[in-house]
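Here is what each chain is made of, one letter per residue.
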Amino acid sequence: MEQAAGCPAVGGSYPQKNAEILSSQYGINLFLAGLLLTFAWAVHAVGISKSHLLSYLITLMLIQLLWMLWYLCRSCTQRRLIRDKDTHAGARWLKCGITLFAVITLILDSFKIGYYIDFSNCLSPTEGIFPVTHAVHTILQVYFLWCHAKDVIQSFKTLERFGVIHSVFTNLLLWTNGVLTESKHQLNEHKERLITLGFGNITIVLDDHAPQCNCTTTTLCSIFSQGIYYLYPFNIEYHILASTMLYVLWKNIGRKVEHHQQNKTPFKFHGITVGMIFGLIVLTSTIAIVVVYLIQIGGSKIKSELALTMFYLHAIFVLALMCTAGIVALLIYRLEDRSLDNSKNPARKLDAELLVGTAAGSWLLSWGSILAIICAQGHPKYTWYNLPYSVLVIIEKYIQNLFIIESIHREQEKVNDDIKTLRIVTISRGSTLSLTPLYKEIYNGRAARASDDIPCLFKGSICGRENDGAGVAKEEISQDNGLVMHSTSDFSFSSRNSVTNNKRRILKNIAAFLFLCNLSLWIPPAFGCRPEYDNGLEEIVFGFEPWIIVVNLAMPFSIFYRMHSAASLFEVNCKT
C-alpha cells in the first residue's frame, strides 16, 4: 500500500522526492551542455562545428525515441488497467495546435533534406541525418502526446521521471537551436537594413554559415534556403508546446488525483460574432502591414521610415483596443460574485507562470526602447511613435495577464448539477394540483427533500403546499397568490438570466477578440517584422552588440508569449 498511516507514509515520499530532484538536475545539466555547445558554434569557437552540435541533438532524440517506444509498448501490455488521468492536461485543442505545427515542421524537415541533397558535396553527413531523425522524432512524439499527455504515472516512477525530463530538455534544446538559427538569419538581414537608414557608424559584419560550394540545382536551392526560414517560427512553437506538455506530464508523476467529473467545454462560434469580426479585421490588417513592411524596409531611407511609422501606428491602435477590452472584462469580473478554484493543478499553474515569465521578455525590450528615447541626443521623427508603443506593450500585457489568470482560476458554473427544474403550483377549484415545469433556475444544488415540498420562488418565502381540508375562500386566495407569484417570478428570473447571459456573451466576445489579436501580434516578429532591430535608436544608445544580444534573448520569449496567450484565451472562451 502506498498510503499508510503516520510516519511510514511520510518516509515513503522521500525516495520519490529525491527522484524528482535528481531527474531535474539531470535535465538541467543536459540542457546546459547543449546550450554551451550551441553558443560555441554560434561564435565560431575553435574546434566546434555544426556537426558536433547536430550529433549531440541526434543522440538526445534517439534516446527519447527509445524511451517513448518502451513506454508505448508497456502501455499496450497494460491497456486493461484503469489509470488515473489529469483531465486538465493535454486539452484537445492544444493537441490539434501541436499537430498543426508538427505537420509544418515535417515540411521544414523535407526542405532541409532537399537542401542537403543539393549541397551534399560540402555538407557534413550529420546535416542529412538530423532532419530524418527529427522527422521520425516529431511523428512519434505527437502520437505519444495524443495518447498519453493526460497520464498520471504510478509505476516505474523513478525511471519515468528521467525519461520525461529528458524529453522536456531535448525539446528545449531543439527550440534553442531553431531560435538561434532563425535569429542569425534575421540579424544578417537587419545589418543590411541599417545601412539604408543611415546608421553608417555601426560596423556591419555578416555572420555567414552558408556552404562553401555550388548548388547542383540553383532554383531548388533558392526555394529550400528561403522556405526554411519562413517555416522556422512554426518549428519553434512546436518544440516549446511539446516541452510544456511533457513538463506537465513530469509534474503529474506519482500525483494523487482527485476523482471528480470535469464538464466538457467545447468551442462554439455562436454568440461571438462581434469579437470574431473585429478580430479578423485586426488579423487581416496585420498581415497587410507585415507584407508592406517587409517590402519597404531596407529599400531606401524614406521607405524604411514610412514602414516603421506605419507599423507603430497600427500596433498602437491594436494595443489600445486590447487594453480597453481587457479592462471591460476585468470590470465585469468585479461585478460577479464567483469563487476561485484553488485546487492543485500543474497545468494551470504552469500556464500562469509562463504568461508572467515570457511577458518579461517584451517588457525588457519595451523598457530598453523607453530608456533609449529618453537618453538619445537625436530623435528621428519615426522614433517618437516607439514611446507610446512601448508603454502600451507593458500595460496591455499587464491587463491581459490579469484577465487570463483570473479566468482560468474561476470556477465553472455547474450547469448539470445546479440547475434544477422548479415547478409552480396552479390550484384549481376542483382541489387538484397540476405541476407545470415552467422555469430553470440555479437552486444552490439542493432539491426539495420531500415530495410534498415545492421550492420557493418569490424571495425564498412563498411556497405552495397541498391542503386537503381548505375551503373555497382559501383556495381562491391561494390561486390569486399563485398568479402574483408567477408574474413576479417570471420578471425576476428572466431579468436575472438576461443580465447573466449578456455578461457571458460580452466576455466570450472579448476572449475571441483578444485571441485573434494575439495571433495577429505573433505574426510580425515571427516572420521578420521587428522594429526593435530596425529603428536603430537603441543600437546607438546601448551599442550595437549589447542591444542585439538583449533582443536575441528577449524576442523568443516575446514571440512565445503571444502564441501561449492565444492558446490560453481559446481555453477561456471555451470555459466562459
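The rules we used
Residues numbered from 1 in each chain as written. Predicted model: local features only at pLDDT ≥ 70, side-chain atom pairs only at ≥ 80, totals over all residues. Heavy atoms only, no water. UniProt positions renumbered as here; feature names shortened; annotations may be inferred. Helix = DSSP H or I, 4+ residues; strand = E, 2+ residues; numbered from the N terminus. Buried < 20%, exposed > 50% of the residue type's maximum accessible area, 1.4 Å probe, protein only. Contact = heavy atoms within 4.5 Å. Areas by Shrake-Rupley, 256 points an atom, 1.4 Å probe, with all protein chains shown as cover. pLDDT = per-residue confidence, 0-100. Salt bridge = Lys/Arg side-chain N within 4 Å of Asp/Glu carboxyl O. Core = buried A, V, L, I, M, F, W, Y, C linked by side-chain atoms within 4.5 Å. Domains from an automatic or database assignment. Phe/Tyr/Trp six-rings, centres within 6.5 Å; stacked < 30°, edge-to-face > 60°. Expected span 1.5 Å × (residues − 1). Axes fitted to C-alpha atoms, helices over the stretch in contact; angles between N-to-C directions. Parallel < 35°, antiparallel > 145°, perpendicular 65-115°, else oblique. Nonpolar A, V, L, I, M, F, W, Y, C, P; charged D, E, K, R; others polar. Lys, Arg positive; Asp, Glu negative; His and termini not counted. Patch = residues over 30% accessible without salt bridge, like charges linked within 9 Å, V, L, I, M, F, W, Y side chains within 5 Å. Disulfide = S-S within 2.5 Å.

As annotated in an unreviewed UniProt entry, the protein chain carries the name OTOP1 protein and is attributed to Toxostoma redivivum. Its UniProt record gives the protein chain a comment under Sequence similarities (unreviewed entry), which states: "Belongs to the otopetrin family." In UniProt, the protein chain has this text filed under Subcellular location (unreviewed entry): "Cell membrane".

When helices and strands are tallied, the protein chain shows 16 helices and 2 strands. For the protein chain, the residues scored as buried account for 47% of the 576 residues in total. Long-range pairs, those at least 24 residues apart, make up 85% of the contacts in the protein chain with a sequence separation of at least 6. Summed over all atoms, the accessible surface of the protein chain reaches about 29400 Å², with 63% contributed by carbon and sulfur.

Our focus in this paragraph is the confidence of the model for the protein chain. In the predicted model, the protein chain carries a mean pLDDT of 77, and 73% of its residues have values of at least 70. In this model, residues 1–12 is a region of pLDDT below 50 whose contacts with residues beyond four sequence positions or in other chains number 3 contacts. The low-confidence segment residues 415–477, where pLDDT is below 50, has 84 contacts with residues more than four positions distant or belonging to other chains.

Here we come to the pattern of salt bridges. What the rule picks out here adds up to 5 salt bridges. For the salt bridge of Glu182 with Arg530, the shortest nitrogen-to-oxygen distance reads 3.1 Å. Taken as a pair, Glu182 in helix H6 (residues 157–196) and Arg530 in the loop between helix H13 (472–526) and helix H14 (531–534) lie far apart in primary sequence, 348 residues in all. Here Glu182 falls in the buried class, since its relative accessible area comes to 3%.

By size, the foremost hydrophobic cluster in this structure holds 120 residues, and its most contacted members are Phe144, Phe311, Met322, Tyr389, Phe403 and Leu514. Looking at which element gives the most residues to this core, the answer is helix H7 (residues 218–251), with 16 residues. Taken domain by domain, this core gets at least three of its residues from each of domain 1 (15–257) and domain 2 (266–412 + 500–575). Residues within four places of Leu514 in sequence aside, it is in contact with Met322, Ala325, Gln400, Phe403 and Leu569.

Before going further, it helps to examine the packing of aromatic side chains. Evaluation of the coordinates by the stated rule reveals 21 aromatic pairs. Plain terms: the ring middles of Tyr26 and Phe162 are 5.7 Å apart, the flat faces sit at 55° to each other, and that makes the pair tilted. Placement of Tyr26 in helix H2 (residues 14–42) and of Phe162 in helix H6 is noted, with a sequence separation of 136 residues between them. Overall, Tyr26 belongs to the partly exposed group, its relative accessible area being 31%. Between the aromatic rings of Tyr333 and Phe403, the centroid separation amounts to 5.8 Å while the plane-to-plane angle is 25°, which identifies the pairing as stacked. Of this pair, Tyr333 sits in helix H9 (residues 301–335) while Phe403 is found in helix H11 (residues 386–409), placing the two residues 70 residues apart along the sequence. Accessibility assignment for this pair places Tyr333 and Phe403 in one class, buried. Through pairs of rings, three or more aromatic residues link up here, namely Phe101, Phe234, Trp522 and Phe527.

Turning our eyes to something else, we now look at the side chain of Asp351. Along the polypeptide, Asp351 turns up in helix H10 (residues 346–375). Residue classification places Asp351 among the buried residues on the basis of a relative accessible area of 19%. Ignoring sequence-local partners within four residues, the contact set of Asp351 consists of Ile408, His564 and Glu571.

Its 24 residues place the ends of H11 35 Å apart at the C-alpha level, agreeing with the 34 Å of an ideal helix rising 1.5 Å per residue. Of all 24 residues that make up H11, 17 are buried, and the element is covered over most of its length.

Moving on, we come to the packing of H10 against H11. Taken N-terminus to C-terminus, the directions of H10 and H11 make an angle of 170°; their axes are 9 Å apart at the nearest point. By the angle class used here, H10 and H11 are roughly antiparallel. A breakdown of the residues in the contact of H10 with H11 according to their chemical character gives 16 nonpolar, 7 polar and 3 charged.

Inspection of the secondary structure assignment puts Val572 in helix H16 (residues 544–575). Look at Val572 and you get buried, because its relative accessible area is 2%. Residues Val572 and Ile405 lie 167 residues apart in sequence; the distance between their C-alpha atoms is 9.5 Å. Among all residues touching Val572, those that are not within four sequence positions of it are Phe403, Ile404, Ser407, Ile408 and Ala511.

Looking at where Glu532 falls in the secondary structure, it is placed in helix H14. Nearest to the buried, unbridged Glu532 among oppositely charged side chains is Arg530, at 6.6 Å. In this structure, Glu532 is in contact with Leu365, Tyr389, Glu538, Glu539, Trp547, Val551 and Met555, ignoring residues within four places of it in sequence.

Here we come to a nonpolar patch on the surface. There is a patch of nonpolar side chains on the surface, built from Val274, Ile277, Phe278 and Ile281 and spanning about 400 Å² of accessible area. With respect to the element layout, Phe278 can be found in helix H8 (residues 273–296).

Mapping Leu35 onto the fold places it in helix H2. Leu35 gets classed as partly exposed once you look at its relative accessible area, which sits at 32%. Once the C-alpha coordinates of Leu35 and Leu172 are considered, the two residues, 137 residues apart in sequence, prove to be 9.7 Å apart. Setting aside its immediate chain neighbours within four residues, Leu35 contacts Leu173 and Thr176.

Here the focus is the environment of Ile165. Tracing the backbone shows Ile165 in helix H6. Its relative accessible area of 2% is what places Ile165 among the buried residues. When residues no more than four places from it in sequence are discounted, the contact partners of Ile165 are Ser23, Ser24, Tyr26, Gly27 and Trp250.

The next thing to look at is the state of the cysteines. One pass over the full model with this rule turns up 0 disulfides. With no disulfide of its own, Cys73 lies 6.4 Å from the sulfur of Cys76, the closest cysteine sulfur.

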